[in-house]
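Residue-level structural notes
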Amino acid sequence: MIVGLTGGIGSGKSVVGDILNVLGYPVFNSDVEAKNILQSDAEVKESVIAKFGDDSFLGDLPNRPYIAEKVFTNKENLEFLNGLIHPAVQRKFESWIKEHSESKILFKEAAILIESGAYKKVDKLILVTADEDTRIQRVMKRDGVSKEKVLERMKNQLPDVDKMKLVDYVIHNDGSESVIKQVIHILKELNENL
Ligand code: ADP
């Protein structure tokens with residue numbers, strides 16, 4: 001069973017992912033994989049160099065400021081890059097599933113699981129939620145960025161009220177309930193329904 005784990009930025013979905021991992025459940029972190037794929041996927045590297053030039057890489061390492069400049073000033077370039085990264089992450093996810101075929105429950109963590117449509121391919125869906133002010137404060141502290149920067153990143157994410165209609169479970173991470181207790185409750189139900 002594949003269980004999607006999502007939540008807006010700062011909701012605490014990585015914390016929940018870590019808890020699941022500590023409890024022995026494999027968690028695929030799509031956002032981390034997407035960030036690493038430029039470095040780990042030779043095919044992606046080759047295509048990026050063919051499109052944006054040799055300056056895209058400094059040895060094995062992607063020249064992120066250079067690539068960012070290319071994609072943030074040109075929509076077609078952004079679409080090109082996304083068109084490389086998303087299928088590559090998907091390929092990685094599929095091989096990861098095979099590597100974990102002994103596990104009955106696998107988690108796929110992604111910030112935009114719903115927005116991207118990928119939620120349709122999971123068997124169950126969990127949303128981690130917290131009020132917007134709390135999330136903003138957490139991200140400002142975690143990433144050392146301004147409120148405006150956080151709001152900019154939130155702009156591309158659907159509001160939680162819309163996401164709640166689509167998910168099977170909601171984890172409230174705003175101090176009102178124990179997160180671990182909620183995770184254990186969900187795991188109990190998931191295991192009962194295998
Ligand atoms: P996301 O992955 O959803 O963007 P994180 O799991 O990284 O969010 O959480 C954002 C930040 O808030 C992290 O620094 C995390 O340690 C902190 N955080 C998460 N949940 C709580 C909580 N219940 N109380 C205090 N800090 C929290």
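Above this text is the structure in question.
Residues numbered from 1 in each chain as written. Predicted model: local features only at pLDDT ≥ 70, side-chain atom pairs only at ≥ 80, totals over all residues. Heavy atoms only, no water.

A look at the pattern of salt bridges
Tallied over the full model, the rule gives twelve salt bridges. Of the charged contacts in the structure, one is a salt bridge between Glu115 and Lys163, with a shortest N-O distance of 3.2 Å. In this pair, Glu115 is assigned in the loop between strand 5 (106–109) and strand 6 (124–129) and Lys163 in helix 8 (residues 160–164), connecting sequence segments 48 residues apart. In this structure, a network of salt bridges that share partners links the residues Asp41, Glu43 and Arg91. (Salt bridge = Lys/Arg side-chain N within 4 Å of Asp/Glu carboxyl O. Helix = DSSP H or I, 4+ residues; strand = E, 2+ residues; numbered from the N terminus.)

Quick notes on the environment of Glu148
Tracing the backbone shows Glu148 in helix 7 (residues 147–154). Once the C-alpha coordinates of Glu148 and Ile136 are considered, the two residues, twelve residues apart in sequence, prove to be 9.4 Å apart.

Section: the layout of surface pockets
A volume near 2,100 Å³ is recorded for the largest pocket. What lines the largest pocket is a set of 50 residues, among which Asp31, Ala34, Lys35, Ala111 and Ile112 lie closest to the centre. For the lining of the largest pocket, the secondary-structure elements that each account for two or more residues are helix 1 (13–22), helix 2 (30–40), helix 4 (64–72), helix 5 (75–99), strand 5, helix 6 (132–143) and helix 7. Examining the composition of the lining of the largest pocket, we find that ten residues originate from one element, helix 5, more than from any other. Here the lining of the largest pocket gathers at least three residues from each of two domains, domain 1 (1–26 + 105–194) and domain 2 (40–102). (1 Å grid on protein atoms, 1.4 Å probe; cavity = no way out; pocket = protein on both sides within 12 Å on 5 of 7 lines; lining within 4 Å. Points joined across faces, edges and corners; volume = space filled by probe spheres on them. Domains from an automatic or database assignment.)

Topic: the site of the ligand
Around the ligand, the structure places Gly8, Ile9, Gly10, Ser11, Gly12, Lys13, Ser14, Val15, Arg138, Arg142 and Asn173. At 2.7 Å from an oxygen atom of the ligand is found a side-chain nitrogen or oxygen belonging to Ser14. At 2.7 Å, a side-chain N or O of Arg142 approaches an oxygen atom of the ligand. Protein chains shield 65% of the accessible area of the ligand, which is 550 Å² for the free molecule. Because more than half of its atoms lie within 2 Å of the grid, the ligand is assigned to the largest pocket. Going through the elements one at a time, helix 1 and helix 6 are the ones with two or more residues in the shell around the ligand. Broken down by element, the residue count for the shell around the ligand peaks at three residues, all from helix 1. (Near = heavy atom within 4 Å. Polar contact = N/O pair within 3.5 Å; in protein donor to acceptor, adjacent residues only side chain to side chain. Areas by Shrake-Rupley, 256 points an atom, 1.4 Å probe, with all protein chains shown as cover. Sits in = over half its atoms within 2 Å of the grid points.)

Re the sheet that holds strand 7 (residues 169–172)
With parallel pairing, the five strands of this open sheet are ordered in space as 2-5-1-6-7. Looking at which strands have only one partner, the edges of the open sheet turn out to be strand 2 (27–29) and strand 7. For this sheet, the mean inter-axis angle between neighbouring strands, taken without regard to orientation, is 20°. Note that strand 2 and strand 5 share three bridges and pair parallel. Bridge pairing in strand 5 places Val27 opposite Phe107. Lying over the sheet, helix 2 contacts strand 2 and strand 5, oriented at roughly 50° with respect to strand 2. (Pairing = 2+ DSSP bridges. Axes fitted to C-alpha atoms, helices over the stretch in contact; angles between N-to-C directions. Contact = heavy atoms within 4.5 Å.)

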